[in-house]
Amino acid sequence: MRNRTHLSRLALPVAGLLSAALALTSCGTPSNDPTDKPTEQILVVGTTSDPDTLFPWKATQFFAVNVAQNLYGTLTEFDADLNVVPGLAESWETSADGLTVTFKLRPGAKFADGTDCDSTDVKHSLEAIQNEATAAVARSSLATVTKIEAPDASTVVLTLSVPDAGLPSNLAVINMAILSSEDTEETLNTKPNGTGAFVLTSRQPNQSLTLARNEHYWGAKPPLDGIEFRIIPDETSIVSAMQSGNINLTTFDDPLVAQSAEAAGLTVRKTPQLSYHVLQLNATRGALVDENVRLAMQCAIDRQEVLDTAAQGEGEVTGPITSPAYRSDPKARPCPTRDLAKAAQYLAQSGLSEVTVNAIVSQGEYATSVNEAENLKAQLAEAHINLELEVLESGAYVQRWIDADFESAVALNGGRPDPDGMYGRYFPSTGNLNKVAGYSSPTLDQLFAQGKSESDPAERAKIYTQISNELEDHAVWIWLFTSYSYTVTTAGVTGYTPMPNASAQYLRSTSIA
Amino acid sequence: MIRRIIRHRLTRRLATALGTLLGVAILVFIMLRAIPGDQVTAQFGLEAAGLTEAQRAQLEAYYGLDRPLVVQFFSWLGNLFSGNLGFSSRAQMSVAALTAQSLPVTVELAVLTIVLSLLIGVPLGMLSASKPNSLRDGLGQTVGLAGLSIPAFLLGSSLLAWLAGSGFNPNGLGYASLTQQPWLNLQQMLLPAVVLAFGIAAPIMRTTRTAVLEVRSLDFIRTARAKGVPVRRLQWRHVLGNALVPITTMTGLQFGYLLGGAIVVEQIFSLPGIGRQVLIGIQQKEYAVVQSTVLIIATGFVLVNLATDALYRLIDPRVRVS
């Protein structure tokens, strides 16, 4: 009896604890819910990481680029269909010989601090991007520009060494943002000053970034008063936060997470992406030097099976070029469907009965990498090709990739709207990523030069079809599939247009009820 | 006099602690450099392949990677002694300022977790020990086993998803600090603390059970019972009082681990604690952030151990005498 009394007393703290827990959990929605502020339109965007820089010329991380796109402006822009449209330059004109491009700047464009954005700032920005000491990532996109002049406040003239039809598209990338000549990288790292639709008002590292509408923005006034990017590292936790109404919009790449969001009653829109999944082959290493081995690998792979197995069929089988205006025909390749007999034939032509190829695979860089690699390994094994997988932590993978220290690499590479911007760095022998591409040829050099200088869209499309065929016929790489990005929104969010290049620029036209 | 100071127990403990911290500093420094990649590749990713040599050199100079490793180490160590823990170029903030934000989050979570763990583990251990091999003992042991077996990420994610369905998800609102929004802060800390406490209460429960059973078998307990000491007083004062040393050891150990940051739970519940600070530092290869933060964590661990030692002296008079 005494024991029982004693034990019941022991249970008191536990009961108290449970009561406290119940009291805390029954308190309802806390007071700082953004939807509690009817007078202000604040959109809360969930994101898994903190931007690693706020400086647009060095932004490569997905979220850093998205933030920069809302803070800064470029001479040209992409519309929702990836057409190049005016940005800070309201028009541009290319000379008959294609060697001079004259930009007319938009009158009244201002930086967030209220100062004018004129030709001095454009000249200063483009020259700084060209300067190696700046370490700007888009430097190579201005390789054809030999002189930048600002004859008056609203005119900028670029002189080119060769005609460059891809230049207007290259200038639309946020790494080409126009900065004030008064600002430095140091000041912009903490206090961004751009011509974008929004301005940074506060930042809590690892927690959130808050943007407010830029009252000096040259375009249509954004409906939102502000945006809060809320950092929630776990994607499943973002879904939970959206379910409870704490977050209004987010973007996922993982189809499984998107499915769980859909199951939770959220609105999910999928957008085909320009980025592509590929088995990169390094034609300068091992057995892959022999084109027959590469062709054997290409014929031994059923791309749809890779897509179905690794990404639940969420995507489309692709050829090299993924931009809508120049899209490669995925059937225009030596083996449009898996053909083990032909693979055996190619392998026999190489004089080998069995081949071993090393493949680096990133773990954690993107959701489907290891599954893709496992499926490729299984398929290639049936063609007597042993794909030796080397699964690496993402930092180690990046280091091996940039050193071109691999025979093959399972990769997810970013795409660009213009095919010259997409592959002009990889496959011409002078491209700054040619070492990583592991392949070049005089034919490709010539075709890329033609594509760059051709201004007629129809003629350009023909040239890039030839390039695409050349890449496939020589099994330079094995292009697999493009996937989707999934934009998840709660009720009341309207006006947001997700883009195939994963840009979040249309936050400027988004509103929330 | 000097010899007495040198031989003093406290001096020896401090010397050991400093040696440990120096060892940790060297180890972390070497391990970070052994991981492939650096801050340039971490920031630029695959785009780093397109950098020219001059661009790469400029970036290495910017991040201080162009200096010899020995210079890098002693430069960082020297700065530590002058109170400069380094700078995070990602967050554009000093490591001291970053830690001033993240450490209170982790300390609060650790304290709440330990309190909850003790409130669950000690009574449950005593309940189990009150009648060994009985139904209540089996129940207690089962709860303990579940605590040890169920991973925190599973429990955390499940709880979050389940409660979010009913509209309760304070962690989705963005972190609220204890000083500015105490009520919201407590709500945000509740679930992660419960998840962590479930796992930590298990070893505390097991230690309590074993220690209580051992003390109960000693002669002085039988004597006390024979002399008519009331059961409640006997259990709490004589049995639990004498079983406190192993329980304190286990609690101190767990508290030390918690100060290192419960990375998984911090990730799931979006708590900007010190574990996340280290994780992001490693991902971004921000050497100064990782080195200084790990050293702070190690210092916390050493201090908790020293405090545990001091507690022994309060709990057990025999330690004082020896």
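Note that the structure is predicted; figures quoted are calculated from it, not measured.

1. Here we look at the overall build of chain A
For chain A, the count of helices and strands is 16 helices and 19 strands. At 26 Å, chain A has a C-alpha radius of gyration in line with the 24 Å of a compact globule built from 513 residues. Seen along its three principal axes, the alpha-carbon backbone of chain A occupies a region of about 90 × 70 × 35 Å. For chain A, with 513 residues in total, the buried portion stands at 56%. Partitioning the contacts of chain A with sequence separation of at least 6, the portion at a separation of at least 24 is 68%. Element-wise, carbon and sulfur atoms account for 50% of the exposed surface of chain A, whose accessible area totals about 19,500 Å². Counting 35 positive and 61 negative side-chain charges, chain A places the centres of these two groups 5 Å from one another.

2. Considerations on the side chain of Q291 of chain B
Summarising the element assignment, Q291 of chain B is placed in helix 14 (residues 287–315). Sequence-distant contacts of Q291 of chain B, that is, excluding residues within four places in its chain, are made with V28, F29, L32, R33 and W76 of chain B.

3. Let's talk about the nonpolar core
Residues L75, L126, L158 and F229 of chain A are the most contacted members of the largest nonpolar core, which totals 64 residues. Listed in part, the 50 residues of the second largest apolar core include A409 and L471 of chain A together with Y63 and Y287 of chain B.

4. With respect to the domain arrangement of chain B
All names here are of chain B. Under the domain assignment used here, chain B contains domain 1 (2–94) and domain 2 (99–321). The distance between the C-alpha centroids of domain 1 and domain 2 comes to 31 Å. Every contact between the two is made by 26 residues of domain 1 and, on the other side, 20 residues of domain 2. Of the roughly 2,200 Å² buried where domain 1 meets domain 2, counting both sides, 67% is carbon and sulfur surface. The largest contributions to the domain 1 side of the interface with domain 2 come from L21, L32 and R90, which together make up 25% of the buried area. Where R90 meets E286, a salt bridge forms, and the shortest distance between an N and an O atom there is 3.6 Å. Where domain 1 meets domain 2, there are seven residue pairs in polar contact (both at pLDDT 80 or more). Elements that contribute at least two residues to the side of domain 1 that touches domain 2 include exactly helix 2 (9–34), helix 3 (39–44), helix 5 (69–81) and strand 1 (87–88). Among the elements that take part in the side of domain 1 that touches domain 2, helix 2 stands out by supplying ten residues, more than any other.

5. Describing empty space enclosed by the protein
What the rule picks out here adds up to four cavities of 30 Å³ or more. Here the largest cavity is characterised by a volume of approximately 120 Å³. Listed by contribution, the elements that provide at least two residues to the lining of the largest cavity are helix 5 (185–190) of chain A together with helix 3 of chain B. Residue classes in the lining of the largest cavity are distributed as two nonpolar, seven polar and five charged. Taken as a whole, the second largest cavity encloses approximately 40 Å³ of empty space. Contributing to the lining of the second largest cavity are P205, N206 and Q207 of chain A together with L98, Q101, S102, P272 and Q277 of chain B. If one sorts the elements of the lining of the second largest cavity by residue count, helix 6 (residues 95–130) of chain B sits on top with three residues. For the lining of the second largest cavity, the residue count by class is three nonpolar, five polar and no charged.

6. What about helix 2 (residues 62–71) of chain A?
Residue and element names in this part refer to chain A. The element helix 2 is extensively covered by neighbouring structure, given that nine of its ten residues are classed as buried. Residues of helix 2 that are buried: F63, A64, V65, N66, V67, A68, Q69, N70 and L71. Of the surrounding elements, those touching the buried residues of helix 2 are strand 1 (42–47), strand 8 (198–204), strand 9 (208–213) and strand 10 (226–231).

7. Focus: the sheet that holds strand 7 (residues 155–160) of chain A
Residue and element names in this part refer to chain A. Here we have four strands laid out as an open sheet, ordered 4-5-7-6, and antiparallel in their pairing. Lying at the two open borders of the sheet, with one neighbouring strand each, are strand 4 (89–94) and strand 6 (145–152). Ignoring which end each strand starts from, the neighbouring axes of this sheet average 20° apart. Pairing analysis gives five bridges linking strand 6 to strand 7, with the strands arranged antiparallel. Bridged to D152 within strand 7 is T155. Along the sheet, helix 3 (residues 119–130) contacts strand 5 (100–105), strand 6 and strand 7; its crossing angle with strand 6, the most-contacted strand, is approximately 165°.

8. Let's talk about unusual backbone geometry
All names here are of chain A. Backbone geometry at N206 places phi at a positive 70°, although glycine is not the residue there. With respect to the helices and strands, N206 occurs in the loop between strand 8 and strand 9. We note that H384 has phi near 60°; this positive angle belongs to a residue other than glycine. Relative to the helices and strands, H384 resides in the loop between helix 11 (369–381) and strand 15 (385–393).

9. Focus on the packing of helix 6 of chain B against helix 11 (residues 231–259) of chain B
When two helices pack together, their arrangement is given by the angle between the helix axes and by the axis-to-axis distance. All names here are of chain B. Packing of helix 6 against helix 11 leaves a shortest axis separation of 10 Å and a crossing angle of 145°. You can see that helix 6 and helix 11 cross each other, and the crossing is right-handed. Residues T106, V107, A110, V111, T113, I114, L118, V122 and M126 of helix 6 form the contact with helix 11, whose own contacting residues are Q235, W236, L240, I247, T251, Q254, F255, L258 and L259. Of the residues that constitute the contact of helix 6 with helix 11, the class distribution is 13 nonpolar, five polar and no charged.

10. Remarks on the interface of chain B and chain A
With 65 residues of chain B at the interface, the matching set in chain A holds 64 residues. Interface area, chain B with chain A, both sides summed: about 5,600 Å², of which 61% is carbon and sulfur. Per-residue buried area on chain B facing chain A is highest for L46, R90 and L173 of chain B; these three make up 13% of the total on that side. Remark: the boundary between chain B and chain A carries two salt bridges. For R425 of chain A, the salt bridge is made with E47 of chain B, and the minimal N-O distance between the two is 2.8 Å. Counting the contacts that link chain B with chain A gives 18 residue pairs in polar contact (both at pLDDT 80 or more).

About the thresholds
- Residues numbered from 1 in each chain as written.
- Chains lettered and ligands numbered in written order.
- Predicted model: local features only at pLDDT ≥ 70, side-chain atom pairs only at ≥ 80, totals over all residues.
- Heavy atoms only, no water.
- Helix = DSSP H or I, 4+ residues; strand = E, 2+ residues; numbered from the N terminus.
- Rg over C-alpha atoms; globule rule 2.2 N^0.38 Å.
- Buried < 20%, exposed > 50% of the residue type's maximum accessible area, 1.4 Å probe, protein only.
- Contact = heavy atoms within 4.5 Å.
- Areas by Shrake-Rupley, 256 points an atom, 1.4 Å probe, with all protein chains shown as cover.
- Lys, Arg positive; Asp, Glu negative; His and termini not counted.
- Charge placed at Lys NZ, Arg CZ, Asp CG, Glu CD.
- Core = buried A, V, L, I, M, F, W, Y, C linked by side-chain atoms within 4.5 Å.
- Domains from an automatic or database assignment.
- Buried area = accessible area lost by both parts, 1.4 Å probe.
- Salt bridge = Lys/Arg side-chain N within 4 Å of Asp/Glu carboxyl O.
- Polar contact = N/O pair within 3.5 Å; in protein donor to acceptor, adjacent residues only side chain to side chain.
- 1 Å grid on protein atoms, 1.4 Å probe; cavity = no way out; pocket = protein on both sides within 12 Å on 5 of 7 lines; lining within 4 Å.
- Points joined across faces, edges and corners; volume = space filled by probe spheres on them.
- Nonpolar A, V, L, I, M, F, W, Y, C, P; charged D, E, K, R; others polar.
- Pairing = 2+ DSSP bridges.
- Axes fitted to C-alpha atoms, helices over the stretch in contact; angles between N-to-C directions.
- Left-handed = near helix turned anticlockwise from the far one by under 90°.

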